Amino acid sequence: MRKTFTTIALVAVLASMAVSCQKENLLDQPTIASESCAIYTVQYTVDDVSHTVSLIGEDTWHDFLDYMFALAEEGHVVSFRNVETASNAMSAKETVTYTLCAGASEE
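**Student:** Report on the overall build of the protein chain, specifying residues and quantitative values.
**Tutor:** Assigned secondary structure in the protein chain consists of 3 helices and 3 strands. Seen in sequence order, the protein chain has helices and strands lined up from the N terminus as α-β-β-α-β-α. By the burial criterion, 13% of the 107 residues in the protein chain qualify as buried. The contacts of the protein chain with a sequence gap of at least 6 include a subset with a gap of at least 24, amounting to 44%. Total accessible area on the protein chain is roughly 9,700 Å²; 58% of this is exposed by carbon and sulfur atoms.

The following block contains the structure:
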């Protein structure tokens, strides 16, 4: 009986030591969530008056675009450009101009 108990105790101690020497499972690591946020620096002109604004996030960018299109639909002359994108695109061969027609319908 004593020999069986000693054998079981020894196997239990060796098994616990083997488990304690194992590497940590990477799936047990806590997940760290990070949010990337786009920052746009935009130069825009409304009726020949220049402005510069920094927009943080996609929602703010879309709100800005909605505002610019609303001004254009009211008859104001509007132009805008993203400063970072414009500085990287200096090697473009042609200038592209987009015009919103007053009678055009959106679909």
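That covers the picture; the talk isn't over yet.
**Student:** Can you break down the environment of Val46 residue by residue, with the values?
**Tutor:** Here Val46 is to be found in strand E1 (residues 39–46). Among the residues examined, Val46 registers a relative accessible area of 16% and is labelled buried. Counting along the chain gives 34 residues from Val46 to Phe80, while the straight-line C-alpha distance between them is 8.7 Å. Apart from residues lying up to four places away in sequence, Val46 is in contact with Met68, Leu71, His76, Val77 and Val78.

**Student:** Explain unusual backbone geometry to me, and be specific about the residues and the numbers.
**Tutor:** Even without a glycine there, the phi angle at Asp47 is positive, about 50 degrees. Within the secondary structure, Asp47 is located in the loop between E1 and strand E2 (49–56). Although it is not a glycine, Asp48 sits at a positive phi angle of roughly 65 degrees. Along the chain, Asp48 falls in the loop between E1 and E2.

Rules of the game
- Residues numbered from 1 in each chain as written.
- Predicted model: local features only at pLDDT ≥ 70, side-chain atom pairs only at ≥ 80, totals over all residues.
- Heavy atoms only, no water.
- Helix = DSSP H or I, 4+ residues; strand = E, 2+ residues; numbered from the N terminus.
- Buried < 20%, exposed > 50% of the residue type's maximum accessible area, 1.4 Å probe, protein only.
- Contact = heavy atoms within 4.5 Å.
- Areas by Shrake-Rupley, 256 points an atom, 1.4 Å probe, with all protein chains shown as cover.

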